[in-house]
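Structural overview
What follows is each chain in one-letter form.
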Amino acid sequence: MGASRIFDPLIARIPILFSAACIWSWTSCAHAVTLDAQVIGEDRSVIETIATTLDHLREEISDEFFELNYLAKEDLLKKTKDNPAFFFITDAATFAALSEAGAWAVAAMKHPLAIDSSHTSGAAFITRKDRTDINSLTDLQDKKIVGMSPTSSLSYLIGLRELQRIFGPGHFSKEVSFSGAPIEKVVHEILEGRGDVGIIDACLLERMERDGNITPDSLKVISPRDSSDLRCRHSTGLYPGWVMAVSKPASELTEKERNLILKVSSVLPTVPKLQGLIRNSRDIVLY
């Protein structure tokens, strides 16, 4: 089992007037709390964290019934626009877009190898170790790039931003192809020679090597960054992790809704770690 993540409650970072935001959704049924979660096609560690968090909420807040809706990114965007749930979980980039419509965050997911939830997401550019012609990101000019998806892969979007910083907004590659979910497909595409360079989530390569899915040292990370903020190989800057958010503006919350948000936030620090999670004093950082 790969290293899993935890949600850092952000409620202490925001004035108690608005109590920050959580990420779970409330239906019209009495005592029913619905959570729309972007999980279809996502990394296993993200799915495990969301499922474990929901189980914990059900156990600790027994007077509410928590129900999780499993959605793909495109479906979550459409539902949030047309019929928003009270709480939802999504990646940081998608949340940034939804926040323009009034959504606000109450918790953010933190990778166990990250110093905090603001340095959880990044991308790694990978190639086969025997590719002596590819040693830095500047060598990617006219190389065939493989990503998971042009729209639903956060690592591809982060990687694309890094390449645009280096090469400008113009064309930098002779060809870009997409493997589809899950993200592990990108790794196998590169190993099988169907592309020169893959763009994957930071820390994915280490997990696949540890789980025996690929041979250690068969691939290398291009231009790895020396950073203590995320203790695994990555080629880009780091960004916030996944977000728990409320779609309803804070100024419009009822007293019952505010109490629910406070209740959920209060139990987030006690979500149990999953098996295989690296345990140390930095696994949980509260702000």
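Scope of this entry: the structure provided in the associated data block. (Residues numbered from 1 in each chain as written. Predicted model: local features only at pLDDT ≥ 70, side-chain atom pairs only at ≥ 80, totals over all residues. Heavy atoms only, no water.)

**Some points on the nonpolar core**
Within the largest apolar cluster, 30 residues are counted, with the highest numbers of intra-cluster contacts made by Ile50, Phe66 and Ile261. Elements with a contribution of two residues or more to this core: strand E3 (32–38), helix H1 (44–60), strand E4 (65–71), strand E5 (87–90), strand E6 (104–110), strand E12 (243–246) and helix H7 (255–267). The residues touching Phe66, leaving out its near neighbours within four places in the chain, are Val33, Leu35, Leu54, Leu57, Arg58, Ile61 and Val264. Membership of the second largest hydrophobic core comes to 15 residues, among which are Ala124, Met148, Val187 and Ile214. (Core = buried A, V, L, I, M, F, W, Y, C linked by side-chain atoms within 4.5 Å. Buried < 20%, exposed > 50% of the residue type's maximum accessible area, 1.4 Å probe, protein only. Helix = DSSP H or I, 4+ residues; strand = E, 2+ residues; numbered from the N terminus. Contact = heavy atoms within 4.5 Å.)

**Some details on the state of the cysteines**
For the structure on display, the rule yields one disulfide. Paired by a disulfide, Cys203 and Cys232 hold their sulfur atoms 1.8 Å apart. Across the disulfide from Cys203 to Cys232, rotation about the S-S bond amounts to roughly -60°, and the bridge is consequently left-handed. Of this pair, Cys203 sits in the loop between strand E10 (197–201) and helix H6 (204–210) while Cys232 sits in the loop between strand E11 (219–221) and E12, and the two are 29 residues apart along the sequence. (Disulfide = S-S within 2.5 Å.)

**Focus: the pairing of E6**
In terms of burial, E6 is largely enclosed, as seven of its seven residues are buried. Where E6 meets E12, four bridges bridge the pair, whose relative direction is antiparallel. Counted as the bridge partner of Ala105 is Ala245 from E12. (Pairing = 2+ DSSP bridges.)

**Some points on the packing of aromatic side chains**
Summed over all chains, the structure comprises two aromatic pairs. Ring geometry for Tyr156 and Phe178: centres 5.1 Å apart, planes at 80°, overall edge-to-face. Linking Tyr156 in helix H4 (residues 154–167) with Phe178 in strand E9 (residues 175–178), this pair joins segments that are 22 residues apart in sequence. (Phe/Tyr/Trp six-rings, centres within 6.5 Å; stacked < 30°, edge-to-face > 60°.)

**Things to note about unusual backbone geometry**
Most peptide bonds adopt trans geometry, and most residues besides glycine take a negative phi value. Following Ala181, the chain continues into Pro182 via a peptide bond in cis, with omega recorded as 0°. With respect to the secondary-structure elements, Pro182 resides in the loop between E9 and helix H5 (184–191). You will see that Cys203, though not glycine, has its phi angle at about 80°, which is positive. Not every positive phi belongs to a glycine, and Ser223 is a case in point at roughly 50°. Considering the arrangement of structural elements, one finds Ser223 in the loop between E11 and E12.

**Topic: the sheet that holds strand E8 (residues 144–147)**
With mixed pairing, five strands are arranged side by side in an open sheet as E9-E8-E10-E7-E11. Edge strands, defined here as strands with exactly one partner in the open sheet, are E9 and E11. The sheet shows a mean angle of 30° between the axes of neighbouring strands, taken without regard to direction. Sheet analysis places strand E7 (residues 123–128) next to E10, joined by four bridges and oriented antiparallel. In the strand pairing of E10, Ala123 is matched with Asp201. (Axes fitted to C-alpha atoms, helices over the stretch in contact; angles between N-to-C directions.)

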